[in-house]
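Here's the letter readout for the chains.
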Amino acid sequence: MQLLQDRIRKDGIVKAGNVLKVDNFLNHQVDIDLLNEMGKEFYRLFGDLPINKILTIEASGIAIASITAQYFHVPVVFAKKAQSINLDGESYTAKIESFTHKRVYDVIVSKKYLSPEDHILIIDDFLANGKALEGLIGIINAAGATVEGIGIAIEKGFQNGGAEIRARGLRLESLAIVDKMDCETGEITFRT
Ligand code: 5GP
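Conventions and cut-offs
- Residues numbered from 1 in each chain as written.
- Predicted model: local features only at pLDDT ≥ 70, side-chain atom pairs only at ≥ 80, totals over all residues.
- Heavy atoms only, no water.
- Helix = DSSP H or I, 4+ residues; strand = E, 2+ residues; numbered from the N terminus.
- Expected span 1.5 Å × (residues − 1).
- Buried < 20%, exposed > 50% of the residue type's maximum accessible area, 1.4 Å probe, protein only.
- Near = heavy atom within 4 Å.
- Polar contact = N/O pair within 3.5 Å; in protein donor to acceptor, adjacent residues only side chain to side chain.
- Areas by Shrake-Rupley, 256 points an atom, 1.4 Å probe, with all protein chains shown as cover.
- Nonpolar A, V, L, I, M, F, W, Y, C, P; charged D, E, K, R; others polar.
- Core = buried A, V, L, I, M, F, W, Y, C linked by side-chain atoms within 4.5 Å.
- Contact = heavy atoms within 4.5 Å.
- Axes fitted to C-alpha atoms, helices over the stretch in contact; angles between N-to-C directions.
- Parallel < 35°, antiparallel > 145°, perpendicular 65-115°, else oblique.
- Left-handed = near helix turned anticlockwise from the far one by under 90°.
- Salt bridge = Lys/Arg side-chain N within 4 Å of Asp/Glu carboxyl O.

Caption draft 1: Expanded view of helix H5 (residues 131-142). Under the 1.5 Å per step criterion, the end-to-end length of H5 is 16 Å for 12 residues, consistent within 8% with the ideal 16 Å. Among the residues of H5, those classed as buried are Leu133, Gly135, Leu136, Ile137, Ile139 and Ile140.

So this is what it looks like as structure tokens:
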């Protein structure tokens, strides 16, 4: 998506450790007009599927998922990050290794909000090694629901998450795929 690539080039900051900072429009301040175009694009890409729910993960996924959901007219469920989980049988849980914070955290989704009848579009801001997606897919599988598709704003194509998810036959679409980024020069190369 050209608009997103242009914005990443303009405002993205390449940090050491393969981290791309986009706090100016996605992860701290949020550009709603841009997100609106992204939501439209996700609808163009996935609108043919029988999606009845969008699943994301807090915090940054919520804004993208919510704006996208306005086009699908479906509810958004977000996995909550929990400090400690209370295994009361009321929630689906997954352990996720954070790429940016280098630690493992638990995420939970109440059993009330996922069921075998659900056909899910997963939305998230970044895809790096795929751990966040693995956790969300695990939760969807535990609920007996169906993953219809996965929509990512920014995929870092030089990390292995995208290739692994696609190899599993899942329909994954990323609006911008960064193939290379250089923290010395700040140069970012996108997949065409
Ligand atoms: P993964 O689980 O695929 O390794 O990493 C995806 C998650 O880590 C995303 O939900 C996002 O929050 C965070 N993340 C991974 N790489 C980056 C990055 O380069 N920049 C930012 N802002 N977040 C990232």
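Caption draft 2: Highlighting the site of the ligand. Lining the immediate surroundings of the ligand are 16 residues, of which Leu20, Ala128, Asn129, Gly130 and Ala132 lie closest. Contacts to the ligand include asparagine 27, whose side-chain N or O atom sits 3.0 Å from a nitrogen atom. Asparagine 129 is positioned such that a nitrogen or oxygen atom in its backbone is 2.8 Å from an oxygen atom of the ligand. Compared with its free state, where it exposes 500 Å², the ligand has 88% of that area covered by protein. Contributing elements (two or more residues each) for the shell around the ligand: strand S2 (19-21), strand S7 (119-127) and H5. Among the elements that take part in the shell around the ligand, S7 stands out by supplying 4 residues, more than any other. Residues that form the shell around the ligand fall into these classes: 7 nonpolar, 5 polar and 4 charged.

Caption draft 3: The nonpolar core, seen in detail. Within the largest apolar cluster, 33 residues are counted, with the highest numbers of intra-cluster contacts made by Leu4, Ile8, Leu20, Leu26, Met38 and Ile154. Counting only elements with at least two residues in this core, the list comes to helix H1 (2-11), helix H2 (23-27), helix H3 (32-46), helix H4 (60-72), S7, strand S8 (146-156), strand S9 (172-181) and strand S10 (188-190). Element by element, the count of residues in this core is highest for H3, at 6 residues. In this structure, methionine 38 is in contact with Met1, Leu4, Leu26, Ile64, Ala153 and Leu175, ignoring residues within four places of it in sequence. With 27 residues, the next largest nonpolar core counts Val77, Val109, Leu127 and Ala145 among its residues.

Caption draft 4: Seen up close, the packing of H3 against H4. Interhelical geometry of H3 versus H4 gives an angle of 55 degrees and a closest axis separation of 8 Å. It follows that H3 is oblique to H4 by the angle criterion. Judged by the sense of rotation from one axis to the other, the crossing of H3 with H4 is right-handed. Together, Ile32, Leu35, Asn36, Met38, Gly39, Lys40, Phe42, Tyr43 and Phe46 of H3 and Ala63, Ile64, Ile67, Thr68, Tyr71 and Phe72 of H4 make up the contact between the two elements. Residues belonging to the contact of H3 with H4 are distributed by class as follows: 11 nonpolar, 3 polar and 1 charged.

Caption draft 5: Spatial organisation of the pattern of salt bridges. As enumerated under the stated definition, the model contains 11 salt bridges in all. Between lysine 40 and glutamate 37 there is a salt bridge, and its shortest N-O distance comes to 3.1 Å. Pair noted here: lysine 40 and glutamate 37 are both in helix H3, with a separation of 3 residues, about one helical turn. On the basis of relative accessibility, which here comes to 37%, the residue lysine 40 falls in the partly exposed class. Judged by its relative accessible area of 31%, glutamate 37 falls in the partly exposed class. For arginine 191, the salt bridge identified is with aspartate 179, shortest N-O distance 2.8 Å. Remark: aspartate 179 occurs in strand S9 and arginine 191 occurs in the segment after S10; sequence separation between them is 12 residues. Classification of arginine 191 by relative accessible area gives partly exposed; the value is 36%. Relative accessible area serves as the criterion here: at 30%, aspartate 179 is assigned to the partly exposed category. One salt-bridge network, in which partners are shared between bridges, spans Arg7, Lys10, Asp11 and Asp31.

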